[in-house]
Structures are given as C-alpha cells and as structure tokens.
Amino acid sequence: MSTLEKTIVLLREMPEQSLESLYDFIRSIWIHQDIKAEPMENSVNISESMEGFRVLQSFAGTLPADFDYKKELEEMREEKLLC
C-alpha cells in the first residue's frame with residue numbers, strides 16, 4: 001500500500017474536528033513552501049525586515065531595573081493633558 005493510500009485510509013477514520021486541524025496544518029506547510037519558492041527579490045525585503053527587527057531587539061533590556069512604567073505612563077498622560 002502506498003503512502004497516499006495509507007493516508008487516505010487514516011483520514012477516513014479520523015473525526016471531523018481532527019480533520020479540520022490537520023487541514024489547517026497541511027495548508028500552512030503548503031503556503032510556507034510557496035513562500036520559499038518565490039523569486040529572490042523578496043529576500044531583500046526579508047533581510048531589511050530582519051535588520052529592523054535586530055535594531056528593535058537591541059533596545060531590549062536597556063531600561064533600568066527599577067523603571068516604573070505605570071508611573072511614567074501617568075506622567076506622560078498628565079503632560080499631554082497640560083499641552
């Protein structure tokens with residue numbers, strides 16, 4: 001029995017809810033493969049996006065340990081109301 005035939009037999013035995021989840025999973029894999037197959041012009045955009053992401057990551061952890069964001073937020077809100 002081929003892999004396709006075994007898969008069909010298994011699919012026929014699965015409950016409908018499991019089939020829906022499996023369908024979504026297979027579709028996401030298929031879409032991911034389509035994205036990989038796109039022309040290299042998109043790789044430039046991905047590289048630029050990744051560089052932007054790295055810049056954002058560089059800001060992580062730069063606040064002091066005792067930073068009180070709630071206090072800062074409230075002060076900024078008050079300042080905005082005064083302007």
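Residues numbered from 1 in each chain as written. Predicted model: local features only at pLDDT ≥ 70, side-chain atom pairs only at ≥ 80, totals over all residues. Heavy atoms only, no water.

Draft legend 1. Structural context of the overall build of the chain. Each helix and strand in the chain was counted, giving four helices and zero strands. Reading the chain from its N terminus to its C terminus gives the helix and strand order α-α-α-α. Looking at the chain as a whole, 0% of its 83 residues are labelled buried. A total of about 8,200 Å² of accessible surface is found on the chain, and carbon and sulfur atoms cover 61% of it. (Helix = DSSP H or I, 4+ residues; strand = E, 2+ residues; numbered from the N terminus. Buried < 20%, exposed > 50% of the residue type's maximum accessible area, 1.4 Å probe, protein only. Areas by Shrake-Rupley, 256 points an atom, 1.4 Å probe, with all protein chains shown as cover.)

Draft legend 2. Broad picture of helix H4 (residues 69–82). With 14 residues, H4 extends 20 Å from end C-alpha to end C-alpha; this agrees with the ideal 20 Å at 1.5 Å per step. Here H4 starts with a cap whose side-chain oxygen sits 3.3 Å from the backbone nitrogen of lysine 70, and that cap is aspartate 68. (Expected span 1.5 Å × (residues − 1). Polar contact = N/O pair within 3.5 Å; in protein donor to acceptor, adjacent residues only side chain to side chain.)

Draft legend 3. Just the confidence of the model for the chain, in detail. Predicted confidence across the chain gives a mean pLDDT of 78, with 81% of residues reaching 70 or more. Between the elements of the chain, mean pLDDT differs from a low of 70, seen in helix H3 (residues 41–58), to a high of 88, seen in H4. (pLDDT = per-residue confidence, 0-100.)

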